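# Results of the structural survey
Residue strings, one per chain:
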Amino acid sequence: MREEKLALEHVTKQFGQKTNLVTALEDVSLAFKAGEVSLIIGPSGSGKSTLLTILGGLQTPTDGSVRLNGHDISDLSTKEAEKTRLEQIGFVLQAYNLVPYLTVADQFKLVDQVKPNNNLSQDGFDKIIETLGIQKLLNKYPGELSGGQQQRVAIARALYTDPAIILADEPTAALDTARVKEVGQLFANIAHDEEKAVVIVTHDDRLREFSDNVYKIVDGKLSNTD
Amino acid sequence: MFLAIREIKKEKLRYGLILTVVVLISYLIFILSALALGLATANTAAVDSWQSKSFVMTKDANGNAGQSLLTTKQVDQLSDDKTATLGITPVNMKIGGKRESAQFVGMNNDEYIAKNLQLTKGHLPKAANEVVLADSVDKDIYGMGDKISIGLSDTKYKIVGYAKNATYNTAPVIYGALAQWRVIKGVSDQFQGSVVTSKTSQSVDDKALKTYSYQAFINKLPGYTPQKATFGLMIGFLIVISLIVITIFLYILTVQKLPNLAVLRAQGIPNRFLAQNTLFETFFIMATGIVVGAVLSALTEFGIPDSVPMAFDWGLMGLIAAGLMVTGLLGAIIPIRVISKIDPVSVIGG
C-alpha cells in the first residue's frame, strides 16, 4: 500500500459574492500517493489551476480540508504556507521557473540561501543532474538554454529541496512531442524511483502514457477517467 | 544580497545606467555644496578669523558694517580690554592699470583682532601707509613692497604682509591702521570706526546702536543669506529628485521582474529575503554612486579656476552622503511594497 502524501477532502472553492458567486471547485475529494504520477486534465476555466493552487497552499479552500503528509494545511498563515511550500512541495511551472540572472548552478544555491538544511546531498544532486542531463549546463544562464533544457533545470530545482510532492502546472505547454516524451518520462522516473507524489495539471493528452492516475475536471467537478 | 549581487553582475548595462544617474546627481550635489561652502567661506573667512562673539554698529546701518559710522564718544563708551574697533568699508584698490574691489578693515594694533591676525608673510602695518593684504590676492600683481592706491585716499600704501583667511563678503581684505579708514572712506574726524567687536557678548544702552551676535552679523552680510538659501534649495531639490529617480528606476526594475518574483514566492522563497535583496541593491547603487560622485567632485576641484570659490568640508560631505543614502533607501519602499503584494497565484494557470 502506497503512502498518501497529499489529499483533498470535500474541497470547495468559491470566488465573489451573491450574484457574482463563482464556484471554481465543487466538493472535490482525492488523494495523491508516493510513487505515482497523477494527471489532472481539463479545459481552460475548468478549475484545474485553482486545484493546483489549493494543493500548493497558495490559496485556502472555502470549504473542506487539505492534508499534506497527514497534517491539515487548509488554514495556514502566509508564513507557514511559505515554509511548507519551500520544504515539502516542488513547483514546476509553465514559464518563469528560473531566475534569468542566475546561472543554473546559482538556481540551486538560491535554495541553499533560504533553506540551508535538508536539501539534496552532493551525491543526490549529482545523480539528479546526471539523470536530467544538465551537468554541462551548470554555468549557463536560462536565456542560453532551450525550452526543454529549461524545464529539466526547473524539475531539478523543484527536486533539490527533496520535497514529498511535485506540483507541475502545464510543464509541457511550450514543448514539441519529443520534448514532451522526455519530460513525461522524467516525471514518471521521479515518481517511481524517488517515491515522490507527482501531480501534473495539463491540457496535454500526450502525458497520459506516463501517468498512473488521470483525473478529469470540468466546471469544478472532478472525475476519475481510469 | 545573493540575488542582488548576481543580478547587478548579469545586468551590467541596466545597472550601469542607474548608477550613472546616481553618480551625476551626487556629483552635482557635492559640487553645489562645495560652491556654496566656498562662497560662504569667501563671505565670512575674515569675520571667522576675528573670533568675535558680538558686533556693535549704528542701528541705521541695518547690520551692514560698511554703512555704520560710530562716533568717538560711542566707541569710547563701548571699548574695554576685550573689544576691538574696526573701520570697515568697501573700496577699490589700484596698482598700475589694475583695479580690484576689496574691503578695507582699519584696526588698532594693540587690540585683539590685530594681535590674533595670522600672517602668512610679512608683518602687521606699523606706519600709517602700510597695509596687509589677503593672502588670496594675485601676488604677481600685488607683490610684497608694492604700493597701491585705496579708495579716496591720496596716500600710496605699501604692502607689508599677507593675512590668512582674509576675505569679507567675497572680496579680499586690506588690513590697515584704523586712522586710515577715515581717510579712505572720506569721513570726518568725529567718526572713530564702523563696528566695535568683542570676544564676549555686549549690551548697549544707546538707542542709536545695535548689537549683533556672530550669526546675525554674518546673516546681514550683503547677499549672504539669499545665496545660502538659493544653494540650500538647489541641493534640497536635487536630493528630492534623486529620491524620485531611484524610486522610478527600482519600481520599473521590480515590475519587470514580477513574474519571476511571483514564481519565487510560489516556491516558498520568503518575502523578507526578496525585500532584503532590493534593499541591498539600493544600498549598493547609492553607495557606489555617492563614492564615485565624491571622487569626481574632489578631482574637479583641481580643474576649477581660483576665481571660483570652492571649499570641501568632509563632515558636510558626509552628512550630504548620508542624506542621499537615506533618500535612496526610502526610494526602495515602494518596490518593496510591490514585492510584498505579489500574488504567487498569478503565475499559475491562466
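Model, not experiment: these values are computed from the prediction. (Residues numbered from 1 in each chain as written. Chains lettered and ligands numbered in written order. Predicted model: local features only at pLDDT ≥ 70, side-chain atom pairs only at ≥ 80, totals over all residues. Heavy atoms only, no water.)

### Overview of the pairing of strand β1 (residues 54-58) of chain B
Residue and element names in this part refer to chain B. Among the 5 residues that make up β1, 5 are buried, leaving the element largely enclosed by the rest of the structure. The sheet contact formed by β1 and strand β12 (residues 195-198) spans 3 bridges and is antiparallel. Residue pairing for β12: S54 is matched across the bridge by S198. (Buried < 20%, exposed > 50% of the residue type's maximum accessible area, 1.4 Å probe, protein only. Helix = DSSP H or I, 4+ residues; strand = E, 2+ residues; numbered from the N terminus. Pairing = 2+ DSSP bridges.)

### What to know about the pattern of salt bridges
Residues and elements named next belong to chain A. According to the stated counting rule, one finds 16 salt bridges over all chains in the structure shown. Across the pair R208 and D205 runs a salt bridge whose closest N-O atoms are separated by 3.1 Å. Owing to a relative accessible area of 35%, R208 belongs among the partly exposed residues under this scheme. Within this structure, E4, E9 and R67 form a network of salt bridges that share partners. (Salt bridge = Lys/Arg side-chain N within 4 Å of Asp/Glu carboxyl O.)

### Side note on unusual backbone geometry
Negative phi characterises most residues that are not glycine, and trans characterises most peptide bonds. Residues and elements named next belong to chain A. Positive phi values are uncommon outside glycine, yet D162 reaches one of about 55°. Checked against the element boundaries, D162 lands in the loop between α5 (147-160) and β7 (165-169). If you check the backbone angles, E170 has positive phi at about 45° while not being a glycine. If you trace the backbone, E170 turns up in the loop between β7 and α6 (177-194).

### With respect to the packing of aromatic side chains
Applying the stated criterion to the full structure yields 7 aromatic pairs over all chains. Ring geometry for W50(B) versus Y168(B): centroids 6.1 Å apart, planes at 25°, classification stacked. Of this pair, W50(B) sits in helix α2 (residues 12-50) while Y168(B) sits in strand β9 (residues 167-168), placing them 118 residues apart in sequence. Taking the relative accessible area as the measure of exposure, Y168(B) reaches 3% and is therefore buried. Seen from their ring centres, F312(B) and W314(B) are 6.0 Å apart, and the 20° between their planes marks the pair as stacked. Pairwise contacts between aromatic rings join F108(A), F125(A) and Y160(A) into one cluster. (Phe/Tyr/Trp six-rings, centres within 6.5 Å; stacked < 30°, edge-to-face > 60°.)

### As for the packing of helix α8 (residues 271-303) of chain B against helix α9 (residues 314-331) of chain B
Residues and elements named next belong to chain B. As a packed pair, α8 and α9 sit with axes 9 Å apart at the nearest point and diverge in direction by 150°. By the angle between their axes, α8 is roughly antiparallel relative to α9. Crossing of α8 over α9 shows right-handed handedness. Judged by residue contacts, L279, T282, F283, M286, A287, I290, A294 and A298 of α8 engage W314, M317, A321, L324, M325, G328 and L329 from α9. (Axes fitted to C-alpha atoms, helices over the stretch in contact; angles between N-to-C directions. Parallel < 35°, antiparallel > 145°, perpendicular 65-115°, else oblique. Left-handed = near helix turned anticlockwise from the far one by under 90°. Contact = heavy atoms within 4.5 Å.)

### Topic: the nonpolar core
One finds W50(B), L133(B), I148(B), Y168(B) and Y175(B) to be the most contacted residues of the largest nonpolar core, which totals 49 residues. The biggest single contributor to this core is strand β3 (residues 83-95) of chain B, with 6 residues. When sequence neighbours within four positions are dropped, the list of residues in contact with W50(B) reads F55(B), L86(B), I88(B), V105(B), Y112(B), I113(B), Y168(B) and Y175(B). With 48 residues, the next largest nonpolar core counts V11(A), L86(A), L110(A) and L274(B) among its residues. (Core = buried A, V, L, I, M, F, W, Y, C linked by side-chain atoms within 4.5 Å.)

### Some thoughts on the UniProt feature "domain: ABC3 transporter permease C-terminal" (unreviewed entry) in chain B
Per the UniProt record, "domain: ABC3 transporter permease C-terminal" (unreviewed entry) is found at residues 233-344 of chain B. Between the first and last C-alpha atoms of residues 233-344 of chain B the distance is 44 Å; the span itself is 83% helix and 0% strand. (UniProt positions renumbered as here; feature names shortened; annotations may be inferred.)

### Here's the deal with the side chain of T254(B)
Relative to the helices and strands, T254(B) resides in helix α7 (residues 224-266). Not counting chain neighbours up to four residues away, the residues in contact with T254(B) comprise L261(B), P335(B), V338(B) and I339(B).

### Structural notes on the environment of G323(B)
Tracing the backbone through its elements, the reader meets G323(B) in helix α9. In this structure the C-alpha to C-alpha distance between G323(B) and I239(B), which are 84 residues apart in sequence, comes to 7.8 Å.

### A closer look at the sheet that holds strand β1 (residues 4-15) of chain A
Residues and elements named next belong to chain A. Ordered in space as β2-β1-β4-β5, the 4 strands form an open sheet in which the pairing is antiparallel. Each end of this open sheet is capped by a strand with a single partner; those strands are β2 (22-33) and β5 (71-72). Taken together, the 8 bridges between β1 and β2 define a ladder with antiparallel strand orientation. Its bridge partner being in β2, E4 is matched across the sheet by K33.

### So, the interface of chain B and chain A
With 24 residues of chain B at the contact, the number on the chain A side is 27 residues. When chain B packs against chain A, close to 2500 Å² is buried across both sides, 67% of that on carbon and sulfur atoms. Summed over the three residues of chain B that lose the most area to chain A, namely F2(B), Q267(B) and I348(B), the buried surface amounts to 25% of that side. Of the charged contacts in the structure, one is a salt bridge between E82(A) and R265(B), with a shortest N-O distance of 3.2 Å. Our enumeration of links across chain B and chain A arrives at 6 residue pairs in polar contact (both at pLDDT 80 or more). Mapped onto the side of chain B that touches chain A, the elements with two or more residues apiece are α1 (2-10), α7 and α8 of chain B. If you tally residues by element for the side of chain B that touches chain A, the top one is α7(B), at 7 residues. Of the residues assigned to the side of chain B that touches chain A, the class counts are 13 nonpolar, 6 polar and 5 charged. (Buried area = accessible area lost by both parts, 1.4 Å probe. Polar contact = N/O pair within 3.5 Å; in protein donor to acceptor, adjacent residues only side chain to side chain. Nonpolar A, V, L, I, M, F, W, Y, C, P; charged D, E, K, R; others polar.)

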